[in-house]
Amino acid sequence: MNNRLELLNILTSVCPGVDFEKESALVDDEILESLDLVTIVSEMMDTFDIELNVEDLLPENFNSVDAMMQLIEERK
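So, here's what we can say about the structure. (Residues numbered from 1 in each chain as written. Predicted model: local features only at pLDDT ≥ 70, side-chain atom pairs only at ≥ 80, totals over all residues. Heavy atoms only, no water.)

Here the structure, examined in full by the defined rule, presents five salt bridges. The partner of aspartate 66 in a salt bridge is arginine 4, with the nearest N and O atoms 2.8 Å apart. Taken as a pair, aspartate 66 in helix α4 (residues 65-75) and arginine 4 in helix α1 (residues 3-14) lie far apart in primary sequence, 62 residues in all. Aspartate 19 is paired through a salt bridge with lysine 22; the nearest N and O atoms lie 3.9 Å apart. For lysine 22, a relative accessible area of 71% puts it in the exposed group. (Salt bridge = Lys/Arg side-chain N within 4 Å of Asp/Glu carboxyl O. Helix = DSSP H or I, 4+ residues; strand = E, 2+ residues; numbered from the N terminus. Buried < 20%, exposed > 50% of the residue type's maximum accessible area, 1.4 Å probe, protein only.)

Bringing the nonpolar core into the picture now. Judged by nonpolar contacts, the single largest core of 22 residues is most densely connected at Leu7, Phe20, Met44, Phe62 and Met68. Put simply, the parts of the chain that give this core at least two residues each are α1, α2 (34-48) and α4. In this structure phenylalanine 62 touches Leu26, Val27, Leu32, Leu37, Val41, Met44, Asp56, Leu57, Met68 and Leu71, once residues within four positions along its chain are discounted. (Core = buried A, V, L, I, M, F, W, Y, C linked by side-chain atoms within 4.5 Å. Contact = heavy atoms within 4.5 Å.)

Turning our eyes to something else, we now look at a negative patch on the surface. Where like charges cluster on the molecular surface, the negative patch consists of Asp28, Asp29, Glu30, Glu33 and Glu60. As for its position among the elements, glutamate 33 is in the loop between α1 and α2. (Patch = residues over 30% accessible without salt bridge, like charges linked within 9 Å, V, L, I, M, F, W, Y side chains within 5 Å. Areas by Shrake-Rupley, 256 points an atom, 1.4 Å probe, with all protein chains shown as cover. Lys, Arg positive; Asp, Glu negative; His and termini not counted. Charge placed at Lys NZ, Arg CZ, Asp CG, Glu CD.)

What follows covers the side chain of asparagine 63. Mapped onto the elements, asparagine 63 comes out in the loop between α3 (59-62) and α4. Separated by 3.0 Å, the side chains of asparagine 63 and aspartate 28 make a polar contact. Every residue in contact with asparagine 63, bar those within four places of it in the chain, is listed here: Glu23, Ser24, Ala25, Leu26, Val27 and Asp28. (Polar contact = N/O pair within 3.5 Å; in protein donor to acceptor, adjacent residues only side chain to side chain.)

Rendered as structure tokens:
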């Protein structure tokens, strides 16, 4: 499975019913809540074997699938 599909699986398991491919303001529009983000960050670190730190936890890194993919690629 490619990384994008794995990320989409994580996101839809945390927040079913959200069209993550179309959304570009997941944090800014409060589609993702803080607890969702904690779960997503934890799953991203486990699934992609990356380390994320406090500096990574910016809204712009989690507002879209593309932004999250870029973060994953930068941390690999």
